[in-house]
Amino acid sequence: RHARLLWDYLRLGIPARPAECLLVFGGHDIGVATRAAGLYTAGIAPLIVVSGGSRAVPDGSDFPTEADAIADVLLNQGVPKESITLERLASNTSENFWLAAELLRDLGLDPATFLAVTKPYAERRTIATARRRWPHKAVAVTSQQATFDEYLAGDIPADRILSHLAGEAIRLEAYAATGLIDPGEPVPGDILHSARALQA
């Protein structure tokens, strides 16, 4: 019950809309790669920036960074190499935005509209981080299209998913208090209660 409440709050479920660039966030969940490949194939965006260092390389991967592991899936699903740019240093969401901006600047590119591709339960925090880090950019967010039950039945261990759900909500409150993100509104009390109960 607690996990479902957190899932419904953290995952925004906003329909994907066209953008100049897909910004794909690395991590242990390779589902972002499949989602990004589908969006590219559908013509949602012509450019993909994959951002992720070595902190949370997907389980079973032999690649040195999250970005390389995701790029391998993109290439295997037909995304042309010339449409993919890799940022291999970021270790958190703020760095994903910061280092992706640096990379694009070095390439002489300045997209104004982005569609961030992240884990389902990280959608709300990703948008809150974008408000703080990229206030001058138009950033929307999307993720793997799955129900809570479908996601829980996937390859990621259930206890890890539940841990991340609780941690996401608690970080939303903590990061907002320190000014790292702009959540737009306070995290509701019932969400924080469920996060702490699930964590316990």
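Residues numbered from 1 in each chain as written. Predicted model: local features only at pLDDT ≥ 70, side-chain atom pairs only at ≥ 80, totals over all residues. Heavy atoms only, no water.

Observations regarding the pattern of salt bridges
For the structure on display, the rule yields seven salt bridges. For Glu 102, the salt bridge goes to Arg 105, with nearest N and O atoms at 2.7 Å. Of the two residues, Glu 102 and Arg 105 both sit in helix 4 (residues 93-106), three residues apart, roughly one turn of that helix. Under the relative-accessibility criterion, Glu 102 is labelled partly exposed at 28%. Between Lys 137 and Asp 110 there is a salt bridge, with its nearest N and O atoms 2.5 Å apart. Note that Lys 137 is positioned in the loop between helix 5 (123-133) and strand 5 (138-143) and Asp 110 in the loop between helix 4 and strand 4 (113-118), a separation of 27 residues in sequence. The exposure class assigned to Asp 110 is exposed, which follows from its relative accessible area of 64%. A single salt-bridge network, built from bridges that share partners, covers Arg 125, Glu 168 and Arg 171. (Salt bridge = Lys/Arg side-chain N within 4 Å of Asp/Glu carboxyl O. Helix = DSSP H or I, 4+ residues; strand = E, 2+ residues; numbered from the N terminus. Buried < 20%, exposed > 50% of the residue type's maximum accessible area, 1.4 Å probe, protein only.)

What to know about the packing of aromatic side chains
Under the defined criterion, the tally for this structure stands at six aromatic pairs. Residues Phe 25 and Phe 97 carry aromatic rings whose centres are separated by 5.3 Å and whose planes lie at 65 degrees to one another, so their mutual orientation is edge-to-face. With Phe 25 in strand 1 (residues 21-25) and Phe 97 in helix 4, this pair connects stretches of sequence that are 72 residues apart. Overall, Phe 25 belongs to the buried group, its relative accessible area being 3%. Aromatic ring contacts, followed pair by pair, group Trp 7, Tyr 121, Phe 148 and Tyr 151 into a single cluster. Geometry around Tyr 9 places Arg 124 over its ring, the cationic atom sitting 3.9 Å from the centre. (Phe/Tyr/Trp six-rings, centres within 6.5 Å; stacked < 30°, edge-to-face > 60°. Lys NZ or Arg CZ within 6 Å of the ring centre and 35° of its normal.)

Comments concerning the side chain of Thr 93
Relative to the elements of secondary structure, Thr 93 occurs in helix 4. Its relative accessible area of 11% is what places Thr 93 among the buried residues. A polar contact of 2.9 Å, which involves the side chain of Thr 93, links it to the side chain of Arg 125. Beyond its immediate chain neighbours, meaning those up to four positions away, Thr 93 contacts Phe 25, Arg 125 and Thr 129. (Polar contact = N/O pair within 3.5 Å; in protein donor to acceptor, adjacent residues only side chain to side chain. Contact = heavy atoms within 4.5 Å.)

A few points about the side chain of Thr 126
By the secondary structure assignment, Thr 126 is in helix 5. Residue class for Thr 126 comes out buried when judged on its relative accessible area of 2%. Discounting residues that sit within four places of it in the chain, Thr 126 has contacts with Phe 25, Phe 97, Ala 116, Thr 118 and Val 141.

A closer look at the environment of Glu 168
Looking at where Glu 168 falls in the secondary structure, it is placed in helix 7 (residues 158-178). By relative accessible area, which is 1% here, Glu 168 ends up buried. Ignoring any residue separated from it by four or fewer positions in sequence, one finds Glu 168 in contact with Leu 10, Tyr 121, Ala 122 and Arg 125. A polar atom in the side chain of Glu 168 sits 2.7 Å from the side chain of Arg 125.

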